[in-house]
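This is what each chain is made of:
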Number of protein chains: 2
Amino acid sequence: MEGPKAILLICDGMGDRPVASLGGRTPLEAANTPNMDALAAQGVSGQMDPIAPGIRAGSDTSHLSILGYDPYAVYTGRGPFEAAGIGMDVQKGDVAFRCNFSTVDANLVILDRRAGRIEVGTDQLAAAVNGMKIEDVTVFFKESVAHRGALVLRGPGLGAAVTDADPHEVGLGIHDAHAIDASDAASAKTARIVNVFVRKSYELLKDHPVNKAREADGKGAANIILPRGAGVAPHVDGFEKKYGLKPASVVETGLIAGIAKYLGMDIIEVPTANGGLDSDVMAMADAMVKALDDHNFILSNIKGGDIAGHDGDAAAKVKFAERVDAVIGKLMKSVDKETYIVLTADHSTPISTKDHTGDPVAITFWGPDVRVDSVKAFDERSVVSGGISRISGTAVMPILTQLMNVQEKFGA
Amino acid sequence: MEGPKAILLICDGMGDRPVASLGGRTPLEAANTPNMDALAAQGVSGQMDPIAPGIRAGSDTSHLSILGYDPYAVYTGRGPFEAAGIGMDVQKGDVAFRCNFSTVDANLVILDRRAGRIEVGTDQLAAAVNGMKIEDVTVFFKESVAHRGALVLRGPGLGAAVTDADPHEVGLGIHDAHAIDASDAASAKTARIVNVFVRKSYELLKDHPVNKAREADGKGAANIILPRGAGVAPHVDGFEKKYGLKPASVVETGLIAGIAKYLGMDIIEVPTANGGLDSDVMAMADAMVKALDDHNFILSNIKGGDIAGHDGDAAAKVKFAERVDAVIGKLMKSVDKETYIVLTADHSTPISTKDHTGDPVAITFWGPDVRVDSVKAFDERSVVSGGISRISGTAVMPILTQLMNVQEKFGA
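Residues numbered from 1 in each chain as written. Chains lettered and ligands numbered in written order. Predicted model: local features only at pLDDT ≥ 70, side-chain atom pairs only at ≥ 80, totals over all residues.

Visitor: What exactly am I supposed to notice about the overall build of chain A here?
Guide: Helix and strand counts for chain A stand at 14 helices and 14 strands. Taken over C-alpha atoms, the radius of gyration comes to 22 Å for chain A, in line with the 22 Å a tight globule of 412 residues would show. In terms of its C-alpha atoms, chain A occupies a principal-axis envelope of roughly 65 × 55 × 40 Å. Counting only residues that meet the buried cut, chain A has 57% of its 412 residues in that class. Relative to all contacts within chain A whose residues are 6 or more apart in sequence, the contacts with residues 24 or more apart total 70%. (Helix = DSSP H or I, 4+ residues; strand = E, 2+ residues; numbered from the N terminus. Rg over C-alpha atoms; globule rule 2.2 N^0.38 Å. Buried ≥ 20, exposed ≤ 12 C-beta atoms within 10 Å, placed from the backbone. Contact = placed C-beta atoms within 7 Å.)

Visitor: Explanation requested: helix 7 (residues 185-205) of chain B in the structure shown.
Guide: Two residues of an α-helix separated by three or four positions point the same way, owing to the 3.6 residues in each turn. Over its 21 residues, helix 7 of chain B runs 30 Å from end to end, which matches the ideal 30 Å to within 8%, given 1.5 Å per residue. Where helix 7 of chain B is concerned, the buried positions are Ser187(B), Ala188(B), Lys189(B), Thr190(B), Ala191(B), Ile193(B), Val194(B), Phe197(B), Val198(B), Ser201(B) and Leu205(B). (Expected span 1.5 Å × (residues − 1).)

Visitor: What is the right way to look at the confidence of the model for chain A in this model?
Guide: Any residue range with low pLDDT should be treated as having predicted coordinates unsuitable for detailed reading. This prediction gives chain A a mean pLDDT of 96; 100% of its residues lie at or above 70. Predicted complex metrics record ipTM = 0.90 and pTM = 0.92. (pLDDT = per-residue confidence, 0-100.)

Visitor: Can you help me understand the sheet that holds strand 11 (residues 297-302) of chain A in this one?
Guide: Across a sheet, paired strands are connected by hydrogen bonds in the backbone, their directions being either parallel or antiparallel. Residue and element names in this part refer to chain A. Here we have eight strands laid out as an open sheet, ordered 10-9-11-1-12-13-2-14, and mixed in their pairing. Looking at which strands have only one partner, the edges of the open sheet turn out to be strand 10 (266-267) and strand 14 (389-392). In this sheet, strand 14 lies alongside strand 2 (residues 44-49) in parallel orientation, the contact comprising four bridges. From the neighbouring strand, Asp-49 faces strand 14, where its bridge partner is Ser-392. The strands touched by helix 10 (residues 254-262) within the sheet are strand 9 (247-251), strand 10 and strand 11, with strand 9 carrying the most contacts at an inclination of about 175°. (Pairing = 2+ DSSP bridges. Axes fitted to C-alpha atoms, helices over the stretch in contact; angles between N-to-C directions.)

Visitor: I'm lost on the interface of chain A and chain B in this one. Help?
Guide: It is common to give the size of an interface as the accessible area lost on bringing the parts into contact. Contact residues are listed per partner, giving 19 residues for chain A and 31 residues for chain B. At the level of secondary structure, the elements contributing two or more residues to the side of chain A that touches chain B comprise strand 14 and helix 14 (396-403) of chain A. Of the residues belonging to the side of chain A that touches chain B, the class tally is seven nonpolar, seven polar and five charged. (Nonpolar A, V, L, I, M, F, W, Y, C, P; charged D, E, K, R; others polar.)

Visitor: How do you make sense of the nonpolar core when you look at a structure like this?
Guide: Most often, soluble globular proteins have nonpolar side chains that are buried together. Residue and element names in this part refer to chain A. Grouped together as the largest cluster of nonpolar side chains are 129 residues, with contacts concentrated most on Val-250, Met-284, Ile-298, Val-342 and Leu-400. Of all the elements, helix 13 (residues 314-334) adds the most residues to this core, at eight residues. In contact with Val-250, not counting residues within four places along its chain, are Ile-268, Val-270, Met-284, Ala-287, Met-288, Ala-291, Ile-298 and Ser-300. (Core = buried A, V, L, I, M, F, W, Y, C linked by C-beta atoms within 7 Å.)

Visitor: Would you mind going over the pairing of strand 13 (residues 361-366) of chain B with me for this structure?
Guide: One face of the sheet, then the other: side chains in a regular strand alternate in exactly this way. Residue and element names in this part refer to chain B. Of all six residues that make up strand 13, six are buried, and the element is covered over most of its length. Bridge analysis of strand 2 (residues 44-49) against strand 13 gives five bridges, and the strand direction is antiparallel. When the sheet's bridge partners are listed, Val-44 is paired in strand 13 with Phe-365.

Visitor: Help me understand the relation of the copies chain A and chain B, please; the structure alone is not making it clear to me.
Guide: If you rotate chain A by 123° and push it 0.3 Å along the axis, it lands on chain B with an RMSD of 0.3 Å. Accordingly, the operation relating the two chain copies is best matched by a three-fold axis. Mapped onto chain B, only 16% of the interface residues of chain A are again interface residues, and the two copies thus contact each other with different surfaces. (Least-squares fit on C-alpha atoms with pLDDT ≥ 70 in both.)

Visitor: Any chance you could explain the pairing of strand 11 (residues 297-302) of chain B here in plain terms?
Guide: All names here are of chain B. Counting buried positions along strand 11 gives six out of six residues, so the element sits mostly inside the fold. The alternating pattern of strand 11 places Phe-297, Leu-299 and Asn-301 and Ile-298, Ser-300 and Ile-302 on opposite faces, both of which are buried. Bridge count between strand 1 (residues 5-11) and strand 11: six bridges; the pairing is parallel. Across the sheet, residue Ile-10 finds its bridge partner in strand 11, namely Asn-301. The pairing of strand 9 (residues 247-251) with strand 11 spans five bridges and is parallel. Looking at strand 11, one finds that Pro-247 is bridged to Phe-297.

Here it is in structure tokens:
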């Protein structure tokens, strides 16, 4: 497209803390990242709290916040974004869940939460349960990858403050979902529907031909569907309406694709981007550059750093940072003079904790006309002295859109 | 006055971005400003977002925010502050507009939006339309400078979400104002009143002796009044009530004078301060110092930097910064030991964009007992490392009033 454009590249979980095996450096500090460092040297940098200082963000809530949607207002659970991410129609007020196909015995005790990581036939199983009516609620179910799926309940007076039917442990019986607050009639109704749905899924799936064939092969039957992560589908202004930008996403996980889809972004698929440490990140870079032909805002999430963090593997995280560095090099060489690159992370996943923490992450804005500061390296501590100082995630889009000169002035 | 006092000096639009013709420096960085730099060296500095990071502030919304009034709560349009600025009585709930005297033909097609920039006789024209009743609404109109004026509607059930009657272009017919949202009955009523007023203004002005005389001289008649910029007059606590300070303003533009007046500040006129690049800024400095005799808070806005920014004239902006530097020198020499000086800008108006941007601006607090930091120069990038770090405009008055020791403690 003509005019100012931007790529917002979010390195999932890339933030970290000092790691002893790296001589007290973070992975980003230890990695050899000449392109990220050049980006910082030519840009304006600082620290960013994805939601607010110290808040441990999920990837979903963090992305919402960075894209300018207050997660406290729009996020009640992961379900609606997950469902949207696999292409389900999710409407304001729907209650949606993430689900697993699981294997249970005749007493509904869990034998395998992931039904032998079933790969084939879940579309047929999904068709068997999709579209049923329970009370005045219509139930939509769709399979996702492997044993995963999503459930959408549509009907009057539903709430999302319900417990999970999934007991999250082998050898336990399935749980009855119930409203977290007994006086919350809307959530009690949802729990009632869910409990009927779970039992009906067992009745409809236990003798399904797909499962008969699995059992004949010595595989566990995918004979029940267990919902979790209930959320109410929020009303949001689409990204294009909110900012006047034509957006596309180049992301690896269903979770982030779900958010991108929910916000109305075009979804660019990169078949060789597998979300792992060996993902084809250069193909993602190519896809981002190509997407700028007919979009002026690209959201990208590259997942590997988070995986290395959850694994507690410092060497892998260093190496993955160096792989992302090549992506930055490619982007800096390929974009035109009117394009901004914003490089950051959605949260820290430190080697030491193996889970998300509330530490701030580094952020650099690179492109025409920025107030270049004295920061020379892109990492958690080098950016502390930068011109951005310390901002919250919700400041990212205002800062970017005024640089791109697409933001309305407030006042005279 | 005795005791702590403060001068809040806001350099309109002084913030900027790196300018190629200045060797990649901003005008403040390029300018020779020994007094501003001394102020920073003896004070505590940082970056300030007038409204919030990245938000493109107008001068009006920015001044409200810096003075401690949330513009999202009190600002719906420019009209009420404009009307207050020319001395009209504006009451909570009134809907007010900025207006032009314009010249139209008999078909109400615009011949000149500014009625030949009429200078004389507008008070008589205003008297002809002021005070009329339309439905249950009383209409107040007062002339301002040249072709400008303000309209205040007072009556029950008025809204301000209306379109402009001014078509903003020569050769077009006047527009019928209408409610932006058709279901907004209050704004629909306002639109109805405005449309009657505009037509009545034509009937009352077209044959007015002032216009007959103009036509005899070959000048365009000021034969219609076109409102724009509707806003609802908000309830605000006056500045003196809010802070316990006795305030005066030394400002150059009607827009900022309007805000000062609305907040109940005394207005100190400096006849030689013309709002231009050649304004008598030293006379403004003298007026500020003198006003401290019987006030303990002075708001000053010096306009020139914004003009140079809108003109894209880097050299003029550098030169004007040096003129303001002399003002700071004068103030530092003239005030007593109990006086604070706060130096900042209301927004950036970069040479490169010629319009307001959402970049943060520099701010320095100077006076007794501040935590002097290591910043040695007053400009966008030197202050980044300062003790103030990065704050929003609404933090300025709390920081200042606790330094002045006039703020109540919250809690025990």
